Amino acid sequence: MDQNQKPTSLLDTLGEEIIRILTPVSICMFLVVILVSILNNSSDSSGPSITTIASIAYSEDSSDSIWDKLKGALLNSLVFVAVVTVVTFLLVLLFYLRCTKFLKYYMGFSAFLVLGFIGGEIAVFVIKDLSFPIDAVTFMVVLFNFTVVGVLATFMENFAIFIKQGYLVVVGMLVAYWFTPTWVLLVAMALYDLAAVLLPGGPLRLLVELAISRDEDIPALVYEARPVTDHDSVPSNGEVQRRVWRERRHIESDFIDNVEASSESNPVGSNTSNASRVSGMSLSLETNERERNLVAAEEGRVATLDSELSAPLIQHRIDVQLNLQEGPSDSSALEGIGLGSSGAIKLGLGDFIFYSVLVGRAAMYDFMTVYACYLAIIAGLGITLMLLAFYQKALPALPVSVLLGVLFYLLTRLLLENFVVQCSINLLMF
Amino acid sequence: MTVAAGIGYALLALGPSLSLFVAVISQKPFLILTVLSSTLLWLMSLIVLAGVWRAFLPFKTTPSSSAWLPYSILILSSVVFQEGLRVLFWRIYKKLEDILDAFADRVSKPRLFLTDKMQIALAGGMGHGVAHAVFFCLSLLTPAFGPATFYVEKCSQMPFFLVSSMIALAFVTIHTFSMVIAFNGYAEGNRVDQLIVPVVHLVAGMLTLVNLASGGCIIGIPLLYCMALFTLLHCGKMVWKRLADSQNR
């Protein structure tokens, strides 16, 4: 409509960082839903029936009454949360004793297990369902290569970011499919996450404080959204980049490229003149010099940082690896959202997994619940990001989304479905 | 129905939205966020309506007396509620616009252009349309995969899914573009535009009541498409005029 040379509008890049986190979350959920629908469609009990930590105290029997099932579910959840707490404290202890190497190797090992064994088993199920002609030797070779590349991707730092992100999504998807919890367990985990991150005695908070005080990184599996500019000189994922203090040095073009610092007023309305606030999309960083002009390489935008803003940028993530077949679970899920050293938003893999698990569970019922839960989770994620911008410290990513998701699931299943089906059957729409 | 047919029905209802999304909305991340939040808002409106009407459904009617009255009340109340929600959406959007303008001033970028505002309105409308299509049409498709298909007696010329996709397409068009008309009407204080949107929505909703009669969908669906076409044309005319005005200024 207009002439071609139009000044770049504000709308072009606003909100880009959020989208970069939303996209992989959506892809992971989508894949889990597809997996669930393929593998649950065919037959009821061909899916993996496993005794995991999730059901160690009580295995559901269809002949039990509702009350028994509820009690059993609660018991399961308690056991699970207890185990997770113990393991988290163990991790804190290990970190305290500086056994970081051990943790790193352990992470690589669990990545290997997940990709190799769980991935392999799920692949076998899919092949069986779709009657895909492939022989065992080829399958083994392909699986082995896939697994090894995955392990390397999580280990090494300067790996191609796209592959790394892809592998993280795959790992998230596999664990999410494998780990089918009850709704009670999901809510319990959400509450645990809330407690663990925010309470002063919580294990996650201890971990974060330890990491800050020692100025070290926590080895974990984290998904970091690509920095807004396409220049990826900062290695992401694999190792958590923990940033307490971000000093703005003189302009090195690399450095600036990685920083997307636009001040934006907080939608909640607290707009202080001195401090530049964030609304989850980017963070104004501490600068040594005042009145710095940052030039984001892509857009040629000029952002003025008004004052110093201390931004303790914390993130910590330890992936949830439920070592299902080999015994009790080894590591625990620490969920939280933080900001990576490049200013991009980081989301822990545990969060991916739990979101996908929730959506997968909804998929077992019907697709309407899937859409509703998806929207609820995205909304929860958005709210958490806004809170992150507001409070600027590590926040648990799980509670808001999970609670919203469960709420919407129940509402949809009980209320919406009946209404919509009634109307549609009579071809009445509005 | 087969998977191929299912995908076909889904694309029938959502195809134009998908191309609109890829061409216009996916370029700007903010618009994607607008679509998502708009979809969420309308989903919540549907849930509230479902909650309210839960107690009354299904309507018990004898075969002789049709269920005209209760259904028309249902549609009337739903449309009124949704139009009220649209006004609320507009208010929220106004606040957002102020915040965005303030932010633009701070980072020394130009304020929102007219086309930006229209794009946001379009994204909001698309969220509404997508919510409608997904919940009224798509979510019924997926459980029905399998060998057979389903016909409704009142409209036995086509499978039920085809009919519902076609209706969904009309409604998606209506919703998407009436949001643009509505926002424009509220911005300019143009009464005609402001009133046209609820009227169109109501008329479209009532038109679907025709489907209750046997064979009614043969009349109902083309009329619905007339409404959709009318909305499209009116929106196009309005946008053209507005842009021409702002150029001449």
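The rules behind these values
Residues numbered from 1 in each chain as written. Chains lettered and ligands numbered in written order. Predicted model: local features only at pLDDT ≥ 70, side-chain atom pairs only at ≥ 80, totals over all residues. Heavy atoms only, no water. UniProt positions renumbered as here; feature names shortened; annotations may be inferred. Helix = DSSP H or I, 4+ residues; strand = E, 2+ residues; numbered from the N terminus. Buried < 20%, exposed > 50% of the residue type's maximum accessible area, 1.4 Å probe, protein only. Contact = heavy atoms within 4.5 Å. Areas by Shrake-Rupley, 256 points an atom, 1.4 Å probe, with all protein chains shown as cover. Salt bridge = Lys/Arg side-chain N within 4 Å of Asp/Glu carboxyl O. Expected span 1.5 Å × (residues − 1). Disulfide = S-S within 2.5 Å. Axes fitted to C-alpha atoms, helices over the stretch in contact; angles between N-to-C directions. Parallel < 35°, antiparallel > 145°, perpendicular 65-115°, else oblique. Left-handed = near helix turned anticlockwise from the far one by under 90°. Core = buried A, V, L, I, M, F, W, Y, C linked by side-chain atoms within 4.5 Å.

Under an unreviewed UniProt entry, chain B has the name Gamma-secretase subunit APH1-like and belongs to Coffea arabica. Recorded under Sequence similarities (unreviewed entry), the UniProt text for chain B is reproduced unchanged: "Belongs to the APH-1 family." In its Subcellular location (unreviewed entry) section, the UniProt record describing chain B reads: "Membrane".

As recorded by an unreviewed UniProt entry, chain A carries the name Presenilin and is attributed to Coffea arabica. Under Function (unreviewed entry), UniProt gives the following word-for-word description of chain A: "Probable subunit of the gamma-secretase complex, an endoprotease complex that catalyzes the intramembrane cleavage of integral membrane proteins such as Notch receptors."

Draft legend 1. The overall build of chain A, seen in detail. Regarding its fold elements, chain A presents 11 helices and 5 strands. By the burial criterion, 56% of the 430 residues in chain A qualify as buried. Within chain A, contacts between residues at least 6 apart in sequence are counted, and of these 73% link residues at least 24 apart. As displayed, chain A has an accessible area near 17,600 Å², and 64% of this comes from carbon and sulfur atoms.

Draft legend 2. View of the pattern of salt bridges. Residue and element names in this part refer to chain A. Evaluated as defined, the whole model comprises 6 salt bridges over all chains. Here Arg20 and Glu16 are joined by a salt bridge, their closest N and O atoms 3.0 Å apart. Of this pair, Arg20 and Glu16 are both found in helix 1 (residues 16–42), 4 residues apart, which corresponds to roughly one turn of the helix. Summarising the burial analysis for this pair, Arg20 and Glu16 share the class buried.

Draft legend 3. Region of interest: the UniProt feature "transmembrane region" (unreviewed entry) in chain B. Residue and element names in this part refer to chain B. Under the local residue numbering, the UniProt record ascribes the feature "transmembrane region" (unreviewed entry) to residues 6–25, 30–56, 68–89, 120–141, 161–183, 195–213 and 219–240. With 90% helix and 0% strand, the stretch residues 6–25 has end C-alpha atoms that lie 25 Å from each other. Each end of residues 161–183 is marked by a C-alpha atom, and these two atoms are 33 Å apart; helix forms 100% of the span and strand 0%.

Draft legend 4. Structural detail: helix 10 (residues 367–391) of chain A. Counted at 1.5 Å a residue, the expected span for helix 10 of chain A with its 25 residues is 36 Å, and the 36 Å between its end C-alpha atoms agrees. Note on helix 10 of chain A: the residue one or two positions beyond its end, A:Gln392, has a positive phi of about 55°.

Draft legend 5. Quick peek at the state of the cysteines. Tallied over the full model, the rule gives 1 disulfide over all chains. Note on cysteine connectivity: B:Cys155 is disulfide-linked to B:Cys217, with sulfurs 1.8 Å apart. Residues B:Cys155 and B:Cys217 are joined through a disulfide that is right-handed, its torsion about the S-S bond being 90°. With B:Cys155 in the loop between helix 4 (114–141) and helix 5 (160–188) and B:Cys217 in helix 7 (residues 217–248), this residue pair connects regions lying 62 residues apart in the sequence. With relative accessibility at 4%, the residue B:Cys217 sits in the buried group. No disulfide involves A:Cys373; its sulfur sits 15 Å from that of A:Cys28, the nearest cysteine. Unpaired in this structure, B:Cys235 has its nearest cysteine sulfur neighbour in B:Cys226, at a distance of 18 Å. Accessibility expressed as a relative area gives 5% for B:Cys235, which makes it buried.

Draft legend 6. The arrangement of the packing of helix 4 (residues 136–155) of chain A against helix 5 (residues 161–178) of chain A in detail. Residue and element names in this part refer to chain A. At their nearest, the axes of helix 4 and helix 5 sit 9 Å apart, and the two run at 110° to each other. In terms of axis orientation, helix 4 runs roughly perpendicular to helix 5. As helix 4 runs across helix 5, the sense of the crossing is left-handed. Here Phe146, Val149, Gly150, Ala153 and Thr154 of helix 4 come into contact with helix 5, specifically with Lys164, Tyr167, Leu168 and Val170.

Draft legend 7. Structural view of the nonpolar core. With 162 residues, the main nonpolar core has A:Ile122, A:Leu416, A:Phe419 and A:Phe430 as its most contacted residues. Ranked by residues supplied to this core, first place goes to helix 4 of chain B with 16 residues. Residues contacting A:Phe419, with those up to four places away along its chain left out, are A:Phe430, B:Leu46, B:Leu49, B:Ala50, B:Trp53, B:Leu57 and B:Leu74. The next biggest cluster of nonpolar side chains, apart from the first, holds 7 residues, and it includes A:Phe95, A:Leu207, A:Leu210 and A:Ala211.

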